[in-house]
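Notes for the structure review
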Amino acid sequence: MIGKKMEEALNSQVNAELYSAYLYMQMAAYFKHKNLPGFANWMTVQVQEEMLHATKFYNYILDRGGQVKLMSIDGPPTSFESALGIFEMAYAHEQKVTGLINNLVNLAIEQKDHAANMFMQWFVNEQVEEEANASGIVEQLKMADGQPGAVLMLDREMAARVFTPPAAGAGAP
Ligand code: FEO
């Protein structure tokens, strides 16, 4: 059985992950509108990643005998300046999410909830990748410096990203 404080915190994290999906869905729309289908694809895969994260927390609450309480999701920003601006925002967002995950680990330690602590370790690792992905693209876009040829080349690279659900037992929800 999960403690009330942990249940509340995990429900908030479901909301934070759903907000992340919402944010990246809005960013995908910007790229589709700007005829950059590769970047749009990257963001759409990111939406799937965030839905996976939300589902993992959702299932975990239920597996521990807790109650899932879905909350309203805030609207993301709806206008963006540039591809670079978007990825800088995505990177800052992922850093914020890392902070949320670290707070959950701290709470698990404080509550002596070893199971929750272990469950959260998957997310601790995942956030390293999430931050690295976003910051890598920020650096590439800085190098491209808005030159159309370079941005189009990057767009082609972004088209290759595919969503790979984790195998059963390896972080599958
Ligand atoms: Fe769910 Fe992008 O971290």
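In what follows, the accompanying structure is described. (Residues numbered from 1 in each chain as written. Predicted model: local features only at pLDDT ≥ 70, side-chain atom pairs only at ≥ 80, totals over all residues. Heavy atoms only, no water.)

**Some details on helix H1 (residues 4-33)**
Taking 1.5 Å as the rise per residue, H1 with 30 residues should run 44 Å; its terminal C-alpha atoms sit 44 Å apart, in good agreement. Just past H1, the residue Asn35 takes up positive phi, approximately 60 degrees. (Helix = DSSP H or I, 4+ residues; strand = E, 2+ residues; numbered from the N terminus. Expected span 1.5 Å × (residues − 1).)

**Here's the deal with the packing of aromatic side chains**
Taken as a whole, this structure holds 11 aromatic pairs when the rule is applied. Taking 5.3 Å as the distance between ring centres and 80 degrees as the angle between the ring planes, the aromatic pair formed by Tyr30 and Phe31 counts as edge-to-face. Given a relative accessible area of 0%, Phe31 falls into the buried group. Ring geometry for Phe57 and Phe119: centres 5.5 Å apart, planes at 85 degrees, overall edge-to-face. Of this pair, Phe57 sits in helix H2 (residues 37-63) while Phe119 sits in helix H4 (residues 114-144), and the two are 62 residues apart along the sequence. Residue placement shows Arg161 over the ring face of Trp42; its charged tip is 4.3 Å from the ring centre. (Phe/Tyr/Trp six-rings, centres within 6.5 Å; stacked < 30°, edge-to-face > 60°. Buried < 20%, exposed > 50% of the residue type's maximum accessible area, 1.4 Å probe, protein only. Lys NZ or Arg CZ within 6 Å of the ring centre and 35° of its normal.)

**Here's the deal with the nonpolar core**
Among the nonpolar cores identified, the biggest contains 26 residues, and Phe31, Phe39, Met43, Ile86 and Phe87 are the most heavily contacted of them. Mapped by element, the contributors of at least two residues to this core are H1, H2, helix H3 (83-110), H4 and helix H5 (148-158). At eight residues, H1 tops the list of elements feeding residues into this core. The contact partners of Phe87, leaving out residues within four places of it in the chain, are Phe31, Phe39, Trp42, Met43, Ala134, Ile137, Val138 and Leu141. Counting residues in hydrophobic clusters, the runner-up holds 20 residues, among them Val14, Val97, Leu107 and Phe123. (Core = buried A, V, L, I, M, F, W, Y, C linked by side-chain atoms within 4.5 Å. Contact = heavy atoms within 4.5 Å.)

**Focus on the packing of H2 against H3**
Contact pair H2 / H3: the axes reach a minimum separation of 14 Å and the direction vectors enclose 15 degrees. In this view, H2 runs roughly parallel relative to H3, as classed from their interaxial angle. Considering how the two elements wind past one another, H2 and H3 form a crossing that is left-handed. Contacts between H2 and H3 involve Phe39, Trp42, Met43, Gln46, Glu50 and Phe57 from the first element and Ile86, Phe87, Glu94, Ile101 and Leu104 from the second. Grouping the constituent residues of the contact of H2 with H3 by class yields eight nonpolar, one polar and two charged. (Axes fitted to C-alpha atoms, helices over the stretch in contact; angles between N-to-C directions. Parallel < 35°, antiparallel > 145°, perpendicular 65-115°, else oblique. Left-handed = near helix turned anticlockwise from the far one by under 90°. Nonpolar A, V, L, I, M, F, W, Y, C, P; charged D, E, K, R; others polar.)

In short, geometric facts, not functional conclusions.
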